[in-house]
Amino acid sequence: MGWGDSALANNVLEERRYGRGDWESEYQELKGLLSEAEWKSAARSTPNAHYTSGDVVSSMYDALRRMGAGNLPHARVLEPGAGVGNFLGLMPGDLAARSSRTAVELDELSGRILRQLYPRAEVIVDGFERAPLADNYFDFVVSNFPFGNYAVSDIAFSHPSRRFATKSIHNYFFAKSLDKVRPGGVVAAITSHYTMDSASGKRLRTFIDEQADLVGAIRLPSSAFKANAGTEVTTDILFLRKRMPGEERAGLAWVDVTQQVDGEGRRFSRNEYFDAHPEMILGKEQMAGTMYRGGE
């Protein structure tokens, strides 16, 4: 979890020109508890730090077990957007006992809480783009990636052949995670549906598909991450396996999108994977939602 798009974040941490109404006492209390650096850090994290339900986390671990994570004698696990550690806390006990775990968290206060809760984990309080992590090292990455249409600056992606992958933070986290996971390892992450559905994202999907196989994906209903009224957002869980050197592509098709029309004649893009696997969409498709814009 993090500050996220919550009532507390929206009414207390955000700048308000015309006062805070019923939230004034909470504002004063929190302002007195946090240092200036902590306040700024918390405010920076609000656009993309969202609570992940235990049901979703546990189901992701169930899937990882089916993909072989439970058979590893010792697992190296990376959580690159950890918040205060739901993915660490809900890791099955037998798997946690056989794992070395590394967590990255941008927000200073959340990072300090994370260190207290999980003293045996390596906790890096910094941005993923600056975290000193070895490439081709981790057995699996599991996370709820931050998502938003803003870029990340990372020297490892400065070459023109890779720079495009930094244009949106959720897509960047996939590209960066694939650098960090070993060949044969798995990236399991929650992301905005735009990773799969955006027509302009084909270059990114192709870039990922050249390195990893899509094992499967699940589209969650917009209510799965509804923090408060007006924050509905459609999300996907993607499972990607990084190919071994020289290994042939064996994943499911997901690079292209198709154009769809809803019952009112409005056009939208949908990933070809969901065309072929409509049973993996949990819910009913419609043009709705208000987190980024109406009719999303």
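Residues numbered from 1 in each chain as written. Predicted model: local features only at pLDDT ≥ 70, side-chain atom pairs only at ≥ 80, totals over all residues. Heavy atoms only, no water.

A. A look at the overall build of the protein chain. Counting its regular elements, the protein chain contains 12 helices and nine strands. Considering only contacts within the protein chain whose residues lie at least 6 apart along the sequence, 66% involve residues at least 24 apart. Accessible surface, the protein chain as shown: approximately 14,100 Å² in total, 51% of it carbon and sulfur. (Helix = DSSP H or I, 4+ residues; strand = E, 2+ residues; numbered from the N terminus. Contact = heavy atoms within 4.5 Å. Areas by Shrake-Rupley, 256 points an atom, 1.4 Å probe, with all protein chains shown as cover.)

B. Main features of the sheet that holds strand 2 (residues 99-105). Ordered by their spatial adjacency, seven strands build an open sheet running 3-2-1-4-5-7-6, and the pairing between neighbours is mixed. Bordering the open sheet on either side are strand 3 (122-125) and strand 6 (212-220), each of which pairs with just one other strand. Averaged over all neighbouring strand pairs, the angle between strand axes comes to 15 degrees, with direction disregarded. Pairing geometry for strand 5 (residues 181-192) and strand 7 (residues 235-242), over seven bridges, is antiparallel. (Pairing = 2+ DSSP bridges. Axes fitted to C-alpha atoms, helices over the stretch in contact; angles between N-to-C directions.)

C. Spotlight on the nonpolar core. By size, the foremost hydrophobic cluster in this structure holds 35 residues, and its most contacted members are Leu133, Phe174, Val187, Met196, Leu240 and Trp254. At the level of secondary structure, the elements contributing two or more residues to this core comprise strand 4 (138-144), helix 9 (169-180), strand 5, helix 11 (202-209), strand 6, strand 7 and helix 12 (272-276). The dominant element in this core, judged by the number of residues it contributes, is helix 9, at six residues. Contact partners of Val187, with chain neighbours within four places excluded, come to Val141, Phe145, Phe174, Ser177, Leu178, Val181, Leu238, Phe239 and Leu240. Counting residues in hydrophobic clusters, the runner-up holds 20 residues, among them Leu64, Ala75, Leu220 and Phe239. (Core = buried A, V, L, I, M, F, W, Y, C linked by side-chain atoms within 4.5 Å. Buried < 20%, exposed > 50% of the residue type's maximum accessible area, 1.4 Å probe, protein only.)

D. Spotlight on unusual backbone geometry. In this structure, Asn136 takes a positive phi of about 55 degrees despite not being glycine. Looking at the secondary structure, you find Asn136 in the loop between strand 3 and strand 4. A residue is classified by how much of its surface remains accessible, and Asn136, at 44% relative accessible area, is partly exposed.

E. Inspection of the pairing of strand 4 at higher detail. Burial runs high along strand 4: seven of the seven residues are buried. Taken together, the two bridges between strand 1 (residues 75-79) and strand 4 define a ladder with parallel strand orientation. Its bridge partner being in strand 4, Leu78 is matched across the sheet by Val141. As paired elements, strand 4 and strand 5 share six bridges and run parallel to each other.

F. Structural view of the environment of Val57. Looking at where Val57 falls in the secondary structure, it is placed in helix 4 (residues 54-66). For Val57, a relative accessible area of 0% gives the class buried. Measuring from C-alpha to C-alpha, the distance between Val57 and Gly89 comes to 9.8 Å, with 32 residues separating the pair along the chain. Ignoring anything within four residues of it in the chain, the contact list for Val57 reads Thr52, Asn86, Phe87 and Leu90.

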